[in-house]
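Topology and contacts: notes
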Amino acid sequence: MAKNINYAQAEELLEQEFRWAEEAYAAGQPPPVSVHVQEITRALFETATQSYREALLGCALVRLLVPDADIRSPYANQGENAFSGRSLDEKVVNPFLVSKRIPCSRGPYLAVFRRNIRFVPETRQGLKDKSAYDAFLDYITELEHADTEQVRTLLRYLLYRFVELREREATIQVKRLPRISLEQYRLITEHLLSQRSGGAIPVLLVSALLESISRIFELGWSIQSQGINVADSAAGVGGDVTVLDKDGVVRMVLEVTERRIDRERVESTFHNKLTDEHDYLFAFVREEPTQEARQFARLLFAQGHEMGFIRIGDWVYYNLATVGSRGREIFQQVLIEQLEQASATVKMMWNDAIDNLLKSA
């Protein structure tokens, strides 16, 4: 009898590791794998035969969930250590890829891997892209010889490359609603800020809010923003978001951060970035600045400098309350404009936030 697979557990594992892969991709930090694994994975994601990488994703899941299963035997009638690759794909892998807007086939076991085949060299003869199949077998071998943590890393690397594939090839439409209430914006913002986006989401919210304030009150501000991991000096600005007035004078600079703010960071900002001509704000997501950081900021204020701390979620909520319904309409308009230029991962995070909102309505 073939090995049983807990499909709910497989789905949960895939979701969990994909979130990790999205965060790693946003931060530009792929899982550490050998040069050989990088090379064979490149072949798997360059081939027009999608089935190889999709079937491989199922094999990696099985290797984690049922370690004694034979991942070269994807048909239930192939022995007591075999597994049903088609069932796993139809119940878990393919729906997952579709839901994440990742380009994929209708299923590897409906296309390339039919007729009771096994993942062995002899299968190569009947396939079109033989070199990519060789890479597929090499990855199978890597999975077979890996321990649990190494298998997890190999799974994560596959998912990282799927995220990369989506960024390169997928077309994702940004969802929008006719109206969004103040309370709904609170829920959307909380959901977005709970995601690890390499800082992209916090910067997006901050810059969109400032642009909306400028438009609703006709301030004529110019809002300049950059990737959170881009060096300020390289970009020619003093922070992640810079506000210039209609005369081109810097009025406010914001450092957007997902990390906790300590005294050392405040001191570094004071020595390298702070001037007397504008306010400098640390816009943080979760963790409050340390007491030492706040004390040093108070010391700077006593010396004539302006440095403060704002929690992004609260700041967005209270400003959206202040600008009224028309301001909230403008905020969504600005967000959509910026999201259209954002990565596929960020677009999906926004779409997921809208879906969650509609489900809870």
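Note that this is a predicted model, so its numbers are computed, not measured. (Residues numbered from 1 in each chain as written. Predicted model: local features only at pLDDT ≥ 70, side-chain atom pairs only at ≥ 80, totals over all residues. Heavy atoms only, no water.)

The final tally for this structure, using the stated rule, is 25 salt bridges. A salt bridge links Glu 183 to Arg 186, with the nearest nitrogen and oxygen atoms 2.2 Å apart. Taken as a pair, Glu 183 and Arg 186 lie in helix 7 (residues 182-193) at a separation of three residues, close to a single helical turn. The class of Arg 186 is partly exposed, set by a relative accessible area of 27%. Between Asp 245 and Arg 251 there is a salt bridge, with its nearest N and O atoms 2.8 Å apart. Classification of Asp 245 as buried rests on a relative accessible area of 12%. Residue classification places Arg 251 among the partly exposed residues on the basis of a relative accessible area of 45%. Three or more residues are tied together by salt bridges with common partners; here these are Glu 288, Arg 294, Arg 311 and Asp 314. (Salt bridge = Lys/Arg side-chain N within 4 Å of Asp/Glu carboxyl O. Helix = DSSP H or I, 4+ residues; strand = E, 2+ residues; numbered from the N terminus. Buried < 20%, exposed > 50% of the residue type's maximum accessible area, 1.4 Å probe, protein only.)

With that settled, the discussion passes to the environment of Leu 137. Relative to the elements of secondary structure, Leu 137 occurs in helix 5 (residues 130-145). For Leu 137, a relative accessible area of 9% gives the class buried. For the pair Leu 137 and Ile 40, spaced 97 residues apart in sequence, the C-alpha separation works out to 9.4 Å. What Leu 137 contacts, discounting residues up to four positions off in sequence, is Arg 72, Phe 119, Val 120 and Pro 121. (Contact = heavy atoms within 4.5 Å.)

So, about the sheet that holds strand 1 (residues 222-225). Across the sheet, five strands lie side by side as 1-2-3-4-5; this open sheet has mixed pairing. In this open sheet, the two strands that pair with only one neighbour each are strand 1 and strand 5 (307-311). With strand direction ignored, the average angle separating the axes of adjacent strands in the sheet is 20°. Alignment of strand 3 (residues 250-257) against strand 4 (residues 279-284), held across six bridges, turns out to be parallel. Considered in strand 4, the bridge of Val 256 is made with Ala 283. (Pairing = 2+ DSSP bridges. Axes fitted to C-alpha atoms, helices over the stretch in contact; angles between N-to-C directions.)

The next subject is the side chain of Arg 166. For Arg 166, the position within the fold is in helix 6 (residues 148-169). Given a relative accessible area of 0%, Arg 166 falls into the buried group. At 3.1 Å, the side chain of Arg 166 forms a polar contact with the side chain of Thr 345. Sequence-distant contacts of Arg 166, that is, excluding residues within four places in its chain, are made with Phe 18, Glu 22, Lys 100, Arg 101, Ile 102, Pro 103, Ile 172, Ala 344, Thr 345 and Met 348. (Polar contact = N/O pair within 3.5 Å; in protein donor to acceptor, adjacent residues only side chain to side chain.)

What follows deals with the packing of aromatic side chains. Inspection of every chain in the model, using the stated rule, returns 17 aromatic pairs. Between Phe 18 and Phe 96, the ring centres sit 5.1 Å apart and the planes meet at 85°, which makes this aromatic pair edge-to-face. One end of the pair, Phe 18, is in helix 1 (residues 7-27); the other, Phe 96, is in helix 4 (residues 85-99), with 78 residues separating them in the sequence. Residue classification places Phe 96 among the buried positions, given a relative accessible area of 5%. Centroid distance Phe 45 to Phe 162: 4.9 Å. Interplanar angle 75°. Geometry classified as edge-to-face. With Phe 45 in helix 2 (residues 35-46) and Phe 162 in helix 6, the pair connects residues that are 117 residues apart, well separated along the chain. Residue Phe 45 shares its accessibility class with Phe 162, and that shared class is buried. Aromatic ring contacts, followed pair by pair, group Tyr 52, Tyr 75, Tyr 109, Phe 113, Phe 119, Tyr 133 and Phe 136 into a single cluster. (Phe/Tyr/Trp six-rings, centres within 6.5 Å; stacked < 30°, edge-to-face > 60°.)

Nothing here speaks to function; it is all geometry.
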